[in-house]
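Breakdown of the fold
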Amino acid sequence: MKRILVTGGLGFIGSETTIELIKNGYEPVVVDNLFNSKSAVLDRIEELTKVRPAFYQVDCCDEKALEKVFGENEIDAVIHFAGYKAVAESVEKPLEYYRNNLLSSIVVLRLMKRHDVHGIIFSSSATVYGVPSRLPLVETDPVQEATNPYGETKIMIERIIEDEAKADPDFKGILLRYFNPIGAHPSGLLGEDPNGIPNNLMPYVSQVAIGRLNHLNVNGDDYPTPDGTGVRDYIHVVDLARGHVAALKRLETLKGVDVYNLGTGRGTSVLEVVKAFEKATGVKIPYVIAPRRPGDVASNYADCSKAERELHWRAVLTVEDACRDAYNFQKMNPEGIK
Ligand code: UD1
């Protein structure tokens, strides 16, 4: 298993994974429609690895265009990152989210079947667990109704992959449930580059740090957590990318579908993130306490022992490492990647 189709391979997690694949001797074939990423990311991947991966500017919903990619490259397995991912936007535009995320996945799976490609690794999310009834979350915990269409697409795509594996004994899939990916490549060349005002905590804090945003709004300080602010399992994107390489190795011997949490196993509160950021960078982050964000849970963190046991992988970088790298990326790219 060598040549890996990486959909969404120029995005935040996809680009970091493309780098790890090259470093580990794989040949990534990158597909991205540049909806939420920049073509300059390809140059930066080349700068960092001295390899320019094959790249197609293709939308995965476009079956004809993607068929050509499968036809021109002998693909051994797929890592499917491509998808819309903004929670609030998905509430406003459910049809866009269902169309894009479901159709692109179905097209990828149909083409895999047509071209005898048997293995897929899918970017799922901890959001499939819904409101947790106990922590840490283990893979056998129930998948529950999502609080938004984005989360619902993740649940549905997991289900589609499971059903396909039931129908086709040669087909296999790994569902990776990411907790909260943060950080950036330590070079500062690659990182999270959201359009407009960031929705997520770390890019927001980084933009406050360089003065692009005035202060952080801490959404709620009355949660049943040690300091009252929301607790999440923040995982450095480089650790997460390495998790995909570990999953590819597992795919070789796998039968059917398996699921892994990718997190650190540790919860960190919003105020602890602020403190870690200040410690790692020496920059003060002004904040105000703001109302809770609708749909947010108090606490969410993973049990990652299954990934450790079966993928021989665990996160090694800290929240402070991630803060340092995110800040470095933001400083080097104050207006995002050009
Ligand atoms: C969200 C999504 C998750 C998705 C992930 C990555 C939900 C409910 N959440 O996770 O599915 O996979 O993004 O895109 O589906 N916070 C602030 N101020 C801010 C921003 C965030 O205090 O300006 C707090 C939040 O209340 C939360 C924590 O920071 O406690 C993390 O928020 P965020 O980075 O947006 O991630 P999640 O909501 O956990």
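To start, this report covers the structure provided alongside it. (Residues numbered from 1 in each chain as written. Predicted model: local features only at pLDDT ≥ 70, side-chain atom pairs only at ≥ 80, totals over all residues. Heavy atoms only, no water.)

**Description of the pattern of salt bridges**
What counts is decided by this rule: For this document, the term salt bridge refers to a Lys or Arg side-chain nitrogen within 4 Å of an Asp or Glu carboxyl oxygen. Where helices and strands are cited, they refer to DSSP runs of H or I of at least four residues and of E of at least two residues respectively, numbered from the N terminus. Here's how the labels work: a residue is buried when its accessible area is under 20% of the maximum for its type, exposed when over 50%, partly exposed in between, all with a 1.4 Å probe on protein chains only.
This model, assessed by the stated rule, comprises 28 salt bridges. The partner of arginine 110 in a salt bridge is glutamate 63, with the nearest N and O atoms 3.3 Å apart. With arginine 110 in helix H5 (residues 94–114) and glutamate 63 in helix H3 (residues 63–72), the pair connects residues that are 47 residues apart, well separated along the chain. On the basis of relative accessible area, arginine 110 is assigned to the partly exposed category, the value being 44%. A single network of salt bridges, built from pairs that share partners, joins Glu20, Lys23, Asp239 and Arg242.

**Description of the pairing of strand S6 (residues 172–178)**
For clarity, the threshold we go by: Think of it this way: DSSP has to see at least two bridges between two strands before they count as a pair. The definition of a right-handed crossover adopted here requires that, viewed with the strands pointing away, the path from the first strand over the helix to the second runs clockwise.
Most of S6 is tucked away: 7 of the 7 residues are buried. Burial along S6 is two-sided: the residues Lys172, Ile174, Leu176 and Tyr178 and Gly173, Leu175 and Arg177 are all buried. Bridge count for strand S5 (residues 119–125) against S6 is 7 bridges, and the pairing is parallel. In the sheet register, glycine 119 faces S6, and the bridge partner there is lysine 172. Handedness of the crossover is the feature at issue here: the chain leaves S5, passes through helix H6 (residues 149–167), returns alongside S6, and the resulting connection is right-handed. In this sheet, strand S11 (residues 257–262) lies alongside S6 in parallel orientation, the contact comprising 6 bridges.

**Some details on the packing of helix H7 (residues 201–209) against helix H9 (residues 270–281)**
Rules: Between N-to-C directions, angles span 0 to 180 degrees; the directions come from axes that are lines fitted to C-alpha atoms, helices contributing only their stretch in contact. By definition in this entry, angles of less than 35 degrees are roughly parallel, angles greater than 145 are roughly antiparallel, angles of 65 to 115 are roughly perpendicular, and the rest are oblique. In this scheme the handedness of a crossing depends on how the near helix is turned from the far one: anticlockwise by less than a right angle means left-handed, clockwise means right-handed. The criterion used for residue contact is that any of the two residues' heavy atoms lie within 4.5 Å. The nonpolar class holds Ala, Val, Leu, Ile, Met, Phe, Trp, Tyr, Cys and Pro. Asp, Glu, Lys and Arg form the charged class, and all remaining residues, Gly among them, are polar.
H9 packs onto H7 with a crossing angle of 40 degrees between their chain directions and a minimal axis gap of 11 Å. Comparing their axes, H9 and H7 come out oblique. The two elements H7 and H9 cross, and the hand of that crossing is right-handed. Of the residues in H9, those touching H7 at Leu201, Met202, Val205, Ser206 and Ala209 are Val270, Val273 and Phe277. Its residues assigned to classes, the contact of H7 with H9 shows 7 nonpolar, 1 polar and no charged.

**Quick look at the nonpolar core**
Formally: Take the buried Ala, Val, Leu, Ile, Met, Phe, Trp, Tyr and Cys residues and link them wherever side-chain atoms come within 4.5 Å; each set so joined is a nonpolar core.
By size, the foremost hydrophobic cluster in this structure holds 28 residues, and its most contacted members are Leu248 and Leu262. Top element by residues in this core is helix H8 (residues 237–253). It accounts for 7 residues. In terms of nonpolar packing, the next biggest core, distinct from the first, is built from 26 residues, Val31, Val58, Ile161 and Ala165 among them.

In short, the description is geometric, and any link to function would need to be established separately.
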